[in-house]
Amino acid sequence: MPGRKELPSTLERSPKEAQETWIKAHDSAVKTYGEGERAHRTAFAALKHSFEKVGDHWENKARRGPSDEQAAKSTPKAGETAEGVNANASKQHLYETAARLGVTGRSRMTKEELVDAIKKANRRATAKAR
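Remember, it's a predicted structure, so these values are computed and weren't measured experimentally.

Next up on the list: the packing of helix α5 (residues 91-100) against helix α6 (residues 111-129). The geometry of α5 relative to α6 is characterised by a closest axis approach of 10 Å and an angle of 30° between their N-to-C directions. As α5 packs across α6, the resulting crossing turns out to be left-handed. Taken together, the residues of α6 that come into contact with α5 (itself represented by K91, L94, Y95, T97 and A98) are K111, L114, V115 and I118.

A separate point is the pattern of salt bridges. Under the counting rule described, the total for this entry stands at 7 salt bridges. Between D56 and R13 there is a salt bridge; the shortest N-O distance is 3.2 Å. Here the residue D56 occupies a position in the loop between β1 (51-54) and β2 (57-60), and R13 occupies one in the loop between α1 (9-12) and α2 (16-33), the gap between them amounting to 43 residues. On the accessibility criterion, R13 (32% relative accessible area) is partly exposed. Two residues, K48 and D68, come together in a salt bridge whose shortest N-O distance is 3.5 Å. One end of the pair, K48, is in the loop between α3 (37-47) and β1; the other, D68, is in the loop between β2 and α4 (69-72), and 20 residues separate them in sequence. This pair shows no difference in class: K48 is buried, exactly as D68 is.

Within α5, burial applies to L94, T97 and A98. In a view along the axis of α5, the buried residues occupy a sector of 100°, so they form one face of it. On its buried face, α5 sits against β1 and α6. Positive backbone phi, approximately 75°, marks G102, located one or two places after α5.

The subject of this paragraph is the nonpolar core. Inside soluble globular proteins, nonpolar side chains tend to come together where they are buried. Core analysis: the biggest nonpolar cluster contains 11 residues, these being A82, V85, L94, A98, V103, M109, L114, V115, A117, I118 and A121. Only α5 and α6 provide two or more residues apiece to this core. The residues contacting A121, other than those within four sequence positions of it, are L101 and V103. Core analysis: the next-biggest nonpolar cluster, separate from the first, contains 10 residues, L11, A18, A43 and W58 among them.

Criteria and cut-off values
Residues numbered from 1 in each chain as written. Predicted model: local features only at pLDDT ≥ 70, side-chain atom pairs only at ≥ 80, totals over all residues. Heavy atoms only, no water. Axes fitted to C-alpha atoms, helices over the stretch in contact; angles between N-to-C directions. Helix = DSSP H or I, 4+ residues; strand = E, 2+ residues; numbered from the N terminus. Left-handed = near helix turned anticlockwise from the far one by under 90°. Contact = heavy atoms within 4.5 Å. Salt bridge = Lys/Arg side-chain N within 4 Å of Asp/Glu carboxyl O. Buried < 20%, exposed > 50% of the residue type's maximum accessible area, 1.4 Å probe, protein only. Arc of directions from axis to C-beta. Core = buried A, V, L, I, M, F, W, Y, C linked by side-chain atoms within 4.5 Å.

In C-alpha cells:
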C-alpha cells in the first residue's frame, strides 16, 4: 500500500518535507521487503536522520544523522528506540526540548533521563492530539 495512505498521524501534523521523506522511504522499503512492520521501521529510521519528534509532530533537526542506535542501522530490527527523540543531540538541546514540552524537574535530569522524559511527553501530546 502506498505510504501516503499509511501516513502516521504525527506526520500529518508535520512539515511536507518530513511527510515526503517517510513516504519515499516507506514505498521503497515495501518494494524491497513487502508491506508490513519492516517497511514502517525502515521509513521511520530514514525519517529520524533529518527530523526529530517534538510533542505530536516531527521537526527538522539542526544536524543530519541518526537519532538513536536503531536509526543508525541500515535495516533496523524490532527493538527499543528513542521513539523519534534525538538521543544523539547534546544535553542542552534535550533540555531545551524538554522545556518546550513542559517537562518538570528537567534541570536535575541526566541526558538519558531527559530522553525518557521527552519520550513520555511526546506520547502524551500524540494521544491528546488524536
